[in-house]
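Each chain, letter by letter, is given below.
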Protein chains: 2
Amino acid sequence: MGRQLNGDGAAAPTRRATIKDVAVAAGVSRSTASRALTGRGYVAADARERILAAAEELRYVPDATARYLKQQVSLSIGVLVTDLRNSFYARLAAGIGQTARARGFSLVLAEDGGSAQTQVELAETFVASRVAGVIVTPASADITTYLCRHRVPVVEVDRQFAAGSCDAVVVADRAASQEVSAYLLGLGHRRVALLVDTSTLITGGERYAGYRAALAAAGVPFDPSIVVGADLEVGAARATAAALLSGPRRPTAVFAANNVLAEGVWRAAGDVGLSIPADLSVVSFDDAPWMSLVVPGLTAVDQDEEALGAAAVNRLLERIADPEAGPTTITMPTRLVHRASTRALP
Amino acid sequence: MGRQLNGDGAAAPTRRATIKDVAVAAGVSRSTASRALTGRGYVAADARERILAAAEELRYVPDATARYLKQQVSLSIGVLVTDLRNSFYARLAAGIGQTARARGFSLVLAEDGGSAQTQVELAETFVASRVAGVIVTPASADITTYLCRHRVPVVEVDRQFAAGSCDAVVVADRAASQEVSAYLLGLGHRRVALLVDTSTLITGGERYAGYRAALAAAGVPFDPSIVVGADLEVGAARATAAALLSGPRRPTAVFAANNVLAEGVWRAAGDVGLSIPADLSVVSFDDAPWMSLVVPGLTAVDQDEEALGAAAVNRLLERIADPEAGPTTITMPTRLVHRASTRALP
DNA sequence: CTGAAAGCGCTTACAG
DNA sequence: CTGAAAGCGCTTACAG
């Protein structure tokens, strides 16, 4: 039976058991063994018992790759996010993983560091490994185009580049941004800065639109000098924010369009000696763990990353089940959590 | 050629191109196409050109599962961590992913939530998908036992349950813990509490041993009432810490053995009205992002998670290359970063 | 109820 | 330099 002795004198299998091994051990054909093991098709009770016992005994674990090859349907999904060190993406990945597992799927996960180029390279490994579909926070339209061309179902999360031709799960960016901006304006602030991510133009765009709408509604003139773009990296955001905050006509409030930008603002305020909220009000899009640890607590727009992840896998599995259905965009709710980083102007 | 028209009138492939498709398109056999595509074996220059052109034209992406089946060697590794929402594991996963990708491997990633039971279930999906090896932060010895039994190379990270029979990459827990404890004792503290994770007994054990050693070296008597175990969840840690801090003979310093425990202590100090460092000194094992954001900054033992991850994949690939070599434990250095959460006692 | 046969998409000696 | 054939581990009509 293909065994050899190891150092301890115990029998150790030289190779993994295959269905053929359990078939001969149980005295049946591979067909019958397969039927018993998968539970599909007829097999006599006593044969089934012998087969199951043999599988157990031989520690048989079916080869999922061989099964895929035959059935042409895999049980893994590709997940591509920007950066796991950013709590937003980590929680998103956690949410995706949990519901995927509950639905019987495993995850092939990769990070792209925000590079559109890297995304399509990784997309190629996804199609090579024949994932059932992919969930991505896109960096450009290229990845979705690539994936669609290869007939792999994809859902965009957080950012949307292929609106109208691909499923997406996003958050009500514009509405939330407008709510925050209106809130700050309502507090009496007239110089409300907006710090957006330069690399995620789409999301930045929606958040920007909400900001503009609030300004318009409040009759406050738009000042382009206080909406600034920063790279998605704390050091860069900090420097950008410090410059913004040290000018002569500095803003009295800043709305940071995501958690790393908010961290940059937080640190920059310290750098230039501004105290929050006395000298500066700040609100963040994304509620990261540190925001409730810090004093004063940071007021933030909370997104339920796990719910986003769950919605994305559910949408993906529906898409796989019905490839012809029209594309759907799911918009998840958002919640403004008030803490202590803002104050009303006299 | 198996095509049909879609709504736009453009030709869209009904199914993915196989090597057979590119072979017929190039007018050669599958064998020759395979040789040209993999770059192994002879093929005439003009034939190679036609084959490559056909592959490009047909957007051929080789089926990695079929290739695996034939070659019996896969290019993916399984990664199993406790909880991606914990920045330690997220960074560890990021580090693993980066070096795996640089080495040509992709990641099958899963979370176990700290459950030993879940770990072995997930390990089974890893063996079913025939990963080349797995990297795990073990919750018990079971997963390593299971994996070894199935002949899949494994390296334990952060925690070590199979010392002596399995590769591992850990941090100098005991030495770092002793350093921190000695530091606190040197500041004049006599009642130094230790908060450890009940579920990770091994790591907790090493960190505990370092604590004991420092106590002994300083001639300070050990008081079991101030070493307490807490579940690895902020709420629970907070409650445990609050109880610890509200007793009559409360500690003047606490050493939290990981970042969630530290967060629990931080919040509990606020809950019971103790100010840091005036009333209480605190040091954390694990340097999470929030610790430098908060005031006062939290003194912490920094582990380089990305380096841990890189070391783990390198070790795993060496193990795969040489299955017979003896098990190796790699101990990574640690760095105490001083901030402002401790003070000397008069 | 069972088994022989075909086939999923690849790669790899081997004969020419 | 090339192609026919075998085979990786499975599943699935189909004939009995």
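Residues numbered from 1 in each chain as written. Chains lettered and ligands numbered in written order. Predicted model: local features only at pLDDT ≥ 70, side-chain atom pairs only at ≥ 80, totals over all residues. Heavy atoms only, no water.

Asker: Talk me through helix α7 (residues 142–149) of chain B; I want residue IDs and the actual numbers.
Answerer: All names here are of chain B. For α7, the full list of buried residues reads Ile143, Thr144, Tyr146 and Leu147. Angular distribution of buried residues about the axis of α7 spans 160°; they occupy a single face of the element. On its buried face, α7 is in contact with β3 (76–81), α6 (116–128), β5 (133–136) and β6 (154–157). Positive phi appears at Arg151, one or two residues downstream of α7, with a value of about 65°. (Buried < 20%, exposed > 50% of the residue type's maximum accessible area, 1.4 Å probe, protein only. Helix = DSSP H or I, 4+ residues; strand = E, 2+ residues; numbered from the N terminus. Arc of directions from axis to C-beta. Contact = heavy atoms within 4.5 Å.)

Asker: Help me get a handle on the environment of Arg85(A), residues and values and all.
Answerer: Here Arg85(A) shows up in the loop between β3 (76–81) and α5 (87–102). The exposure class assigned to Arg85(A) is partly exposed, which follows from its relative accessible area of 37%. Each C-alpha atom of the pair Arg85(A) and Glu56(A) lies 41 Å from the other, and the pair is 29 residues apart in sequence. Within the structure, Arg85(A) has its side chain in polar contact with the side chain of Glu306(B) (distance 3.2 Å). (Polar contact = N/O pair within 3.5 Å; in protein donor to acceptor, adjacent residues only side chain to side chain.)

Asker: Describe the protein's contact with DNA strand C, listing the residues and the values that go with them.
Answerer: Among the 27 residues in the neighbourhood of DNA strand C, the closest are listed as Ser31(A), Arg35(A), Ala44(A), Ile19(B) and Arg30(B). A share of 58% of the atoms of DNA strand C within 4 Å of the protein falls on sugar and phosphate groups. The contact in question runs from a sugar or linking oxygen of DNA strand C to an N or O atom on the side chain of Gln72(A), over 3.2 Å. Looking at the surface near DNA strand C, the elements with two or more residues in it are α2 (30–38) and α4 (64–71) of chain A together with α2 (30–38) and α4 (64–71) of chain B. For the surface near DNA strand C, the element with the highest residue contribution is α4(B), accounting for 5 residues. Residues belonging to the surface near DNA strand C are distributed by class as follows: 11 nonpolar, 9 polar and 7 charged. (Near = heavy atom within 4 Å. Nonpolar A, V, L, I, M, F, W, Y, C, P; charged D, E, K, R; others polar.)

Asker: Tell me about the relation of the copies chain B and chain A, residues and numbers included.
Answerer: The pair of chain copies shares a relation made of a rotation about an axis and a shift along it. Taken as rigid bodies, chain B and chain A are interconverted by a rotation of 180° and an axial shift of 0.1 Å, the fit giving an RMSD of 0.1 Å. When the rotation and shift are considered jointly, the pair of chain copies conforms to a two-fold rotation axis. (Least-squares fit on C-alpha atoms with pLDDT ≥ 70 in both.)

Asker: Requested: an account of the sheet that holds strand β12 (residues 299–303) of chain A, with residues and values cited.
Answerer: Residue and element names in this part refer to chain A. One open sheet accounts for 6 strands, arranged β9-β8-β10-β11-β12-β14; its pairing is mixed. Each having just a single partner strand, β9 (227–230) and β14 (334–337) make up the two edges of the open sheet. Put simply, the sheet's adjacent strands are angled 15° from each other on average, direction ignored. Sheet analysis places strand β8 (residues 192–197) next to β9, joined by 4 bridges and oriented parallel. Bridging from a neighbouring strand, Asp197 pairs with Ala230 of β9. (Pairing = 2+ DSSP bridges. Axes fitted to C-alpha atoms, helices over the stretch in contact; angles between N-to-C directions.)

Asker: Which residues make up the UniProt feature "domain: HTH lacI-type" (unreviewed entry) in chain A, and what values go with them?
Answerer: Here the UniProt-annotated "domain: HTH lacI-type" (unreviewed entry) positions come out as residues 17–71 of chain A. Counted over residues 17–71 of chain A, helix gives 69% and strand 0%. Its end C-alpha atoms are 21 Å apart. (UniProt positions renumbered as here; feature names shortened; annotations may be inferred.)

Asker: Hey, could you go over the interface of chain B and chain A for me, with residue numbers and the actual values?
Answerer: With 46 residues of chain B at the contact, the number on the chain A side is 45 residues. Taken over both partners, the interface formed by chain B and chain A buries close to 4,400 Å², and the fraction arising from carbon and sulfur atoms is 56%. The largest contributions to the chain B side of the interface with chain A come from Arg16(B), Arg85(B) and Leu293(B), which together make up 16% of the buried area. Applying the counting rule to chain B against chain A returns 6 salt bridges. With a closest N to O distance of 3.7 Å, Arg101(A) and Glu121(B) form a salt bridge. Applying the counting rule to chain B against chain A returns 16 residue pairs in polar contact (both at pLDDT 80 or more). Inspection of the sheet shows strand β4 (residues 106–111) of chain A paired to strand β4 (residues 106–111) of chain B by 3 bridges, in the antiparallel sense. Along β4(B), the bridge assignment pairs Leu109(A) with Leu107(B). (Buried area = accessible area lost by both parts, 1.4 Å probe. Salt bridge = Lys/Arg side-chain N within 4 Å of Asp/Glu carboxyl O.)

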